[in-house]
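# Working through the structure, step by step
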Amino acid sequence: GVAGRDFAAAARRLPAAEGAFDLVFLDPPYGPGEIHRALRLCDAGGLLSSSALLVAQHDMRTEMPEREGRLERGRSYRYGSTLLTLYAPAGSASG
C-alpha cells in the first residue's frame, strides 16, 4: 500500500495492519532532521522485512548516515540536485 500521511503516525500503524514491507520509499517534504528520524522509525518500528530496500529521496546537501540502527547505506543516485540513497538491513542482499 501507499501511505500519504504523517510518517510517524503511519510507521506506528502500518506494521500491525500490513506486516513488514519489502520496499519503502521516503520522499520530501522533510523538516530539519526528519529524514534521520524517518530512518530510525523504519528500523525500530518493525516496518521493514529482513530483505527490505529503503529508498530515501533527499537534497544533495543533506548528509546521510552510513548506518542507522541495523540499516546500512548502499548506493546513491543523483538526479539534478536530488539524490536517491538506498538503505538495507545489515546482512541482506538488498542495496
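A short tour of the structure in this document, coming up. (Residues numbered from 1 in each chain as written. Predicted model: local features only at pLDDT ≥ 70, side-chain atom pairs only at ≥ 80, totals over all residues. Heavy atoms only, no water.)

A complete count under the given rule lists five salt bridges for this structure. Ionic pairing is found between R61 and D59, a salt bridge with its closest N-O pair at 2.9 Å. When its relative accessible area of 25% is taken as the criterion, D59 is described as partly exposed. When the shortest N-O distance is used, the salt bridge between R73 and E66 registers 2.2 Å. (Salt bridge = Lys/Arg side-chain N within 4 Å of Asp/Glu carboxyl O. Buried < 20%, exposed > 50% of the residue type's maximum accessible area, 1.4 Å probe, protein only.)

Turning our attention to the pairing of strand 1 (residues 21-26). Pairing geometry for strand 1 and strand 2 (residues 48-59), over five bridges, is parallel. When the bridges of strand 2 are listed, L26 appears paired with A56. The β-α-β motif built from strand 1, the intervening helix 2 (residues 34-44) and the parallel element strand 2 has right-handed crossover chirality. (Pairing = 2+ DSSP bridges. Helix = DSSP H or I, 4+ residues; strand = E, 2+ residues; numbered from the N terminus. Right-handed = clockwise from strand over helix to strand, strands pointing away.)

If you walk across this open sheet you meet the five strands as 1-2-5-4-3, and the pairing is mixed. Edge strands, defined here as strands with exactly one partner in the open sheet, are strand 1 and strand 3 (67-68).

With respect to the helices and strands, G91 occurs in the segment after strand 5 (82-89). Owing to a relative accessible area of 81%, G91 belongs among the exposed residues under this scheme. For G91 and E72, which are 19 residues apart along the polypeptide, the C-alpha to C-alpha distance reads 8.8 Å.

Further remarks concern the nonpolar core. Residues V24, L26, L39, C42, L48 and L54 are the most contacted members of the largest nonpolar core, which totals 17 residues. Mapped by element, the contributors of at least two residues to this core are helix 1 (7-18), strand 1, helix 2 and strand 2. Ignoring sequence-local partners within four residues, the contact set of V24 consists of C42, L48, L53, L54 and V55. (Core = buried A, V, L, I, M, F, W, Y, C linked by side-chain atoms within 4.5 Å. Contact = heavy atoms within 4.5 Å.)

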